[in-house]
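# Topology and contacts: notes
So the chains spell out like this:
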Amino acid sequence: MQHTVIPSWYQREGYIKAMTTLIEKELLKFPKPQKVMIFFSAHGVPLAYVEEAGDPYKAEMEECVDLIMEELEKRGMANPCTLAYQSRVGPVEWLKPYTDETIIALGQRGVKSLLAVPISFVSEHIETLEEIDVEYKELALQSGIKHWGRVPALGCEPTFISDLADAVIESLPYVGAMAVSNLEARQSLVPLGSVEELLAAYDSKRDMLPPPVIVWEWGWTKSAETWNGRAAMLAVLALLVLEVTTGQGLLHQWGILPPFP
């Protein structure tokens, strides 16, 4: 089956603007928004993934933060920021700096207002609702930070969702060929209601795919059900032969078969 892979989208304009808008809204809730430290907390990975396996995750996270801060500056906000990594487990070394250690260090430096940004998370789950909202908030207040805030995950933020949809359409080879510039490529090239036609044209070999496996009501395939039936018939035949040769069994007890001579 033909397919297209979008390996990452950390640098997409729609994603950056959506994140910036959420950060901007939360900054304005602080008494002195310009004094707030923006604390980007990304999900960590083992250090070996980056240094030995060549995973670009760390470099992409750093560039992502730079792009968001550039967009904030365009909106007149020049807050300080830092990036750390959370959710490490096991004995191996993970990407540093660690979120918990960084929070303590910021408190020791005299930071009083901290806005946590779950930069690599796009939905709310245990690592935002529990790890950040409960554990890291408590740690921050214990470390001397007076004002704490947290940017919500993107969820179904319209700009973000629209940008993801555009990323899918733009990744199709013929759509990229239609765009004469990156600016046009970022715009929606598919009129509403035409997505099915585009996908049908892209997957022109779909009629050559094997037919789907028919699943029966009880969760078995037709082939499995056939073999189950054959096995049952063999079992019944074996029981019948055993009963005829030994003269013992339910059929003799019920009088269906004559007594064994």
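Residues numbered from 1 in each chain as written. Predicted model: local features only at pLDDT ≥ 70, side-chain atom pairs only at ≥ 80, totals over all residues. Heavy atoms only, no water.

By the naming in an unreviewed UniProt entry, the protein goes by Ferrochelatase and is assigned to Aegilops tauschii subsp. strangulata. The UniProt entry for the protein carries the following text under Subcellular location (unreviewed entry): "Plastid, Chloroplast". (UniProt positions renumbered as here; feature names shortened; annotations may be inferred.)

## Describing the overall build of the protein
A tally of regular secondary structure across the protein gives twelve helices and four strands. In the protein, which comprises 261 residues, the share counted as buried stands at 35%. For the protein, restricting intrachain contacts to residue pairs at least 6 apart in sequence, the fraction spanning at least 24 positions comes to 71%. (Helix = DSSP H or I, 4+ residues; strand = E, 2+ residues; numbered from the N terminus. Buried < 20%, exposed > 50% of the residue type's maximum accessible area, 1.4 Å probe, protein only. Contact = heavy atoms within 4.5 Å.)

## Brief notes about helix α7 (residues 158–171)
If you check α7, its first and last C-alpha atoms are 20 Å apart, about what 14 residues at 1.5 Å a residue would give, namely 20 Å. The set of residues buried in α7 consists of F160, D163, D166, A167, I169 and E170. One side-chain oxygen of the residue at the start of α7 lies 2.9 Å from the amide nitrogen of T159, identifying that residue as E157. (Expected span 1.5 Å × (residues − 1). Polar contact = N/O pair within 3.5 Å; in protein donor to acceptor, adjacent residues only side chain to side chain.)

## Observations concerning a nonpolar patch on the surface
Taken together, the side chains of L234, L237, L240, V241 and V244 define a hydrophobic patch exposed on the protein surface, amounting to about 450 Å² of accessible area. Secondary-structure assignment places L240 in helix α11 (residues 222–246). (Patch = residues over 30% accessible without salt bridge, like charges linked within 9 Å, V, L, I, M, F, W, Y side chains within 5 Å. Areas by Shrake-Rupley, 256 points an atom, 1.4 Å probe, with all protein chains shown as cover. Salt bridge = Lys/Arg side-chain N within 4 Å of Asp/Glu carboxyl O.)

## Thoughts on the environment of L240
Exposure remark for L240: the relative accessible area of 38% places this residue in the partly exposed category. When the C-alpha atoms of L240 and L250 are compared, they prove to be 9.9 Å apart, with ten residues separating the residues in sequence.

## Regarding the pattern of salt bridges
Across all of its chains, the model carries eleven salt bridges by this definition. As a salt-bridge pair, K17 and E13 come within 2.9 Å of each other at their nearest N and O atoms. Pair noted here: K17 and E13 are both in helix α1 (residues 13–27), with a separation of four residues, about one helical turn. Given the relative accessible area of 36%, E13 is considered partly exposed. Linked by salt bridges that have partners in common, R12, D163 and E170 make up one network.

## With respect to the environment of E24
Of note, E24 is situated in helix α1. Leave out the neighbours within four places in its chain, and E24 touches R75 and M77.

## Overview of a negative patch on the surface
Taken together, the side chains of E63, D66, E70 and E73 make up a negatively charged region of the molecular surface. Owing to a relative accessible area of 47%, D66 belongs among the partly exposed residues under this scheme. (Lys, Arg positive; Asp, Glu negative; His and termini not counted. Charge placed at Lys NZ, Arg CZ, Asp CG, Glu CD.)

## As for the nonpolar core
Counting residues in each nonpolar core, the largest one holds 33 residues, and the members touching the most others are Y15, I23, I38, F40, I68, L83 and I119. Listing elements by their share of this core, those giving two or more residues are α1, β1 (37–43), α2 (47–51), α3 (57–74), β2 (81–86) and β3 (113–117). Grouped together as the second largest cluster of nonpolar side chains are 14 residues, M37, F39, L139 and I145 included. (Core = buried A, V, L, I, M, F, W, Y, C linked by side-chain atoms within 4.5 Å.)

## Some points on the sheet that holds β1
Pairing in this open sheet of four strands is parallel, and the strands run β2-β1-β3-β4 from one edge to the other. Of all strands in the sheet, those bounded by a partner on one side alone are β2 and β4 (147–150). Averaged over all pairs of adjacent strands, the angle between strand axes in this sheet comes to 25°, irrespective of strand direction. Sheet analysis places β1 next to β3, joined by four bridges and oriented parallel. By the bridge assignment, F40 is partnered in β3 with V117. α1 rests against β1, β3 and β4 of the sheet, and its axis sits at about 155° to β3. Together, β1 and β2 form the strand contacts of α3, whose direction differs from that of β2 by roughly 145°. (Pairing = 2+ DSSP bridges. Axes fitted to C-alpha atoms, helices over the stretch in contact; angles between N-to-C directions.)

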